[in-house]
Amino acid sequence: MSENTGATQRKRGQRRPKHVPQRTCVACREKEAKRAFVRIVRTPEKTVEIDPTGKKNGRGAYLCTRRSCWDKAVTGKVLERALNVTIDQATRDSLHRYADHHFRDE
Ligand SMILES: [Zn+2]
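Residues numbered from 1 in each chain as written. Predicted model: local features only at pLDDT ≥ 70, side-chain atom pairs only at ≥ 80, totals over all residues.

(A) Expanded view of the overall build of the protein chain. For the protein chain, the count of helices and strands is three helices and five strands. Along its sequence from the N terminus, the protein chain presents helices and strands in the succession β-β-β-β-β-α-α-α. Evaluated residue by residue, the protein chain yields a buried proportion of 21% over its 106 residues. For the protein chain, long-range pairs separated by at least 24 residues make up 52% of all intrachain contacts whose partners lie at least 6 apart in sequence. (Helix = DSSP H or I, 4+ residues; strand = E, 2+ residues; numbered from the N terminus. Buried ≥ 20, exposed ≤ 12 C-beta atoms within 10 Å, placed from the backbone. Contact = placed C-beta atoms within 7 Å.)

Structure, rendered in structure tokens:
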């Protein structure tokens, strides 16, 4: 029965199909689990970084992969408000550059 106390066993049989973690895009407010969201994180140093792994510490905001959402969030106040931080021009530029490389216009 419980002869095996190792934590290795824990992962088995623990699937919970009911609860799929959902993300909300800060620009379009669309909730979706499937769409690949990109996490933007405000680091403890108050810088804003893209966090492709989703593992960085800090306050995070999610953007979907629509170019228009990135433009809206990065150019306007959406992302600043979501992260409660001021985003400087260099960071905005690098976010735009990231979008340029990764997302196509729809
Ligand atoms: Zn969006």
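(B) Focus on helix H1 (residues 67–75). Of all the residues in H1, the buried ones are Cys69, Trp70, Ala73 and Val74. Around the axis of H1, the buried residues are gathered within 110° of arc, so they sit on the same side. Along its buried surface, H1 packs onto strand E5 (59–63), helix H2 (78–83) and helix H3 (89–102). (Arc of directions from axis to C-beta.)

(C) Here's a closer look at the pairing of strand E4 (residues 48–51). Relative to E4, strand E3 (residues 38–42) is paired through four bridges, and the arrangement is antiparallel. When the sheet's bridge partners are listed, Arg42 is paired in E4 with Val48. Here E3 folds back onto E4, and the loop between the two strands holds five residues, one of which, Lys46, carries a positive phi near 70°. (Pairing = 2+ DSSP bridges.)

(D) Representation of the sheet that holds E5 in the model. A sheet is described by the order of its strands in space; here three strands give the open sequence E4-E3-E5, paired in antiparallel fashion. Taken across any chain shown, the strands that pair with only one partner, and hence form the sheet edges, are E4 and E5. For this sheet, the mean inter-axis angle between neighbouring strands, taken without regard to orientation, is 30°. (Axes fitted to C-alpha atoms, helices over the stretch in contact; angles between N-to-C directions.)

No statement about biological role is implied by the geometric values presented.
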